[in-house]
Amino acid sequence: MIRLIDVHKSFGNQEVLKGINLHVKEGEKLVIIGPSGSGKSTLIRLMNYLEEPTSGQVYVHTHLMSHKRRAFINKIHSAMVFQQFNLYPHLTVMDNLTLGPRKLKKVPKREAEEIAMHYLKRVKLEHKANVYPATLSGGQQQRIAIARALTMQNRVLLFDEPTSALDPEMVQEVLEVMTGLSKEKNFTMVVVTHEMGFAREVADRVIFLDGGVILEEGTPEHFFKNPQNERCKAFLGKIIR
């Protein structure tokens, strides 16, 4: 579903990603972990061309990504959930959810609202359809952001540290929604996160990124019980108690 071939990314003189080769299979749940500044967010943003590689190639469902084609490819294949929710504050929850399907996919208003309500029920916030984002907690806003991504009805879901901006008591409500999604075979999910319990439970594969290089990858069982890379062992030793 997603392929990165010898992808490099630099910002000025700083090389953030150093020759990434990665293949995400259709239906796979991939979790990306690593220390801050390791290139995780840049890597996932390259998957939908919010960042363009300095060199290398990105494919989504056989389509070669380019600046000109990214809007079309993303429209039909992928949706993203960000750290900071990115909801439009001047629009109601319902309008936030229906904007993409109506503008990008030309879905009629009534049908778009039916789709939106379906996914609002999925995240248990159907009673918030007509309120504005500012009236919601951080956890509720992120669940709305997930519902908004789902309304595009694409098969690739990208999550860039979706719980990092939340208070601890709000994290679990978002992870529960994501865990439910992970059980559906028709979704391919790539998740950047520091939530190791979530990674253990939902991932088919985990990769450890540091210094712009993939240093370790494997199943959760391998990854958390018998990692081989010393840097990865040290990282996990600090965050898993």
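Our subject is the structure listed above.
Residues numbered from 1 in each chain as written. Predicted model: local features only at pLDDT ≥ 70, side-chain atom pairs only at ≥ 80, totals over all residues. Heavy atoms only, no water.

Thoughts on the side chain of Glu51
The condition is simple: Every helix listed is a DSSP run of H or I at least four residues long, and every strand listed is a run of E at least two residues long, numbered separately from the N terminus. Each residue gets one of three labels from its accessible area relative to the maximum for its type: buried under 20%, exposed over 50%, partly exposed in between, using a 1.4 Å probe on protein chains only.
Relative to the helices and strands, Glu51 is located in the loop between α1 (40-46) and β4 (55-60). Glu51 gets classed as buried once you look at its relative accessible area, which sits at 18%.

Comments concerning the layout of surface pockets
In plain terms, the rule: Note on definitions: the grid is 1 Å and covers protein atoms alone; a cavity is a set of points where a 1.4 Å probe fits but cannot get out; a pocket is an open set with protein on both sides within 12 Å along at least five of seven lines; lining residues have an atom within 4 Å of a point. Grid points are joined across faces, edges and corners, and a volume is the space filled by probe spheres set on the points.
If you add up the space inside the largest pocket, you get close to 700 Å³. In terms of lining, the largest pocket is formed by 25 residues, of which the most central are Ala79, Met80, Phe82, Leu104 and Met152. Elements supplying a minimum of two residues to the lining of the largest pocket: α2 (70-77), β6 (78-81), α3 (93-104) and α5 (138-151). The element that contributes the greatest number of residues to the lining of the largest pocket is α3, accounting for 7 residues.

Considerations on the packing of helix α4 (residues 109-122) against α5
How two helices pack is summed up by the angle between their axes together with the distance between the axes. The line we're drawing: Axis definition: a line fit to C-alpha positions, over the contact stretch in the case of helices; interaxial angles, taken between N-to-C directions, run 0 to 180 degrees. An angle below 35 degrees is read as roughly parallel, one above 145 as roughly antiparallel, one from 65 to 115 as roughly perpendicular, and any other as oblique. The crossing is said to be left-handed when, going from far helix to near helix, the turn is anticlockwise and less than a right angle, and right-handed when the turn is clockwise. In this description, contact between two residues means that some pair of their heavy atoms is separated by no more than 4.5 Å. Side-chain classes follow a simple rule in which Ala, Val, Leu, Ile, Met, Phe, Trp, Tyr, Cys and Pro form the nonpolar group, Asp, Glu, Lys and Arg form the charged group, and the remainder, Gly included, forms the polar group.
In the contact formed by α4 and α5, the axes pass within 9 Å of each other and the chain directions differ by 135°. The pairing of α4 with α5 is recorded here as oblique in orientation. Crossing of α4 against α5: the hand is right-handed. Across from Ile115, Ala116, Tyr119 and Leu120 in α4, the residues of α5 making contact are Ile144, Ala147, Leu150 and Thr151. A breakdown of the residues in the contact of α4 with α5 according to their chemical character gives 7 nonpolar, 1 polar and no charged.

Focus: the pattern of salt bridges
It is possible for side chains of opposite charge to pair when their charged atoms get near one another. Formally: Only one rule defines a salt bridge in this text: a Lys or Arg side-chain nitrogen within 4 Å of an Asp or Glu carboxyl oxygen.
One pass over the structure, following the stated rule, counts 10 salt bridges. Among the salt bridges present, the one from Glu52 reaches Arg70, with a minimum N-O distance of 3.7 Å. Highlighted residues: Glu52 in the loop between α1 and β4 and Arg70 in helix α2, separated in sequence by 18 residues. By relative accessible area, Glu52 is classed as partly exposed at 30%. Where Glu184 meets Arg122, a salt bridge forms, and the shortest distance between an N and an O atom there is 2.4 Å. Of the two residues, Glu184 sits in the loop between α6 (168-182) and β8 (188-192) while Arg122 sits in helix α4, which places them 62 residues apart along the sequence. Look at Glu184 and you get partly exposed, because its relative accessible area is 24%. For Arg122, a relative accessible area of 30% puts it in the partly exposed group. The network of salt bridges with shared partners includes Lys9, Arg45 and Glu51.

Side note on the sheet that holds strand β2 (residues 14-24)
Here is the rule: Strands pair, by our definition, only if DSSP identifies at least two bridges between them.
Ordered in space as β2-β1-β4-β5, the 4 strands form an open sheet in which the pairing is antiparallel. What marks the edges here is a single partner per strand, and that holds for β2 and β5 (63-64).

Points about the pairing of β2
For strand β1 (residues 2-11) and β2, the ladder comprises 8 bridges, and the chain directions are antiparallel. Across the sheet, the residue bridging to Ser10 is Glu15, located in β2. Connecting the antiparallel pair β1 and β2 is a turn made up of 2 residues, with Gly12 showing a positive phi of about 65°.

Notes on the packing of aromatic side chains
Between two aromatic rings, the relevant description is the distance of the centres plus the angle of the planes. Here is the rule we go by: Any two rings among Phe, Tyr and Trp, with Trp reduced to its six-membered ring, count as a pair given centres within 6.5 Å; such a pair is stacked if its planes are under 30 degrees apart, edge-to-face if over 60, and tilted if neither. Counted as over-ring charges are cases with an Arg CZ or a Lys NZ within 6 Å of the ring centre that also lie within 35 degrees of the ring normal.
The tally for this structure, following the rule as stated, stands at 2 aromatic pairs. Where Phe208 meets Phe235, the ring centres are 5.2 Å apart and the plane angle is 45°; that geometry is what we call tilted. Of the two residues, Phe208 is situated in strand β9 (residues 205-210) and Phe235 in helix α9 (residues 230-239); the sequence distance between them amounts to 27 residues. A centroid spacing of 5.7 Å and a plane angle of 65° characterise the contact between Phe223 and Phe224, whose relative ring orientation is edge-to-face. The class for Phe224 is buried, based on a relative accessible area of 12%. The ring of Tyr59 is capped by Arg3, whose NZ or CZ atom sits 4.5 Å from the centre of that ring. When the ring centre of Phe11 is taken as origin, the NZ or CZ atom of Lys9, which lies over that ring, is 4.9 Å away.

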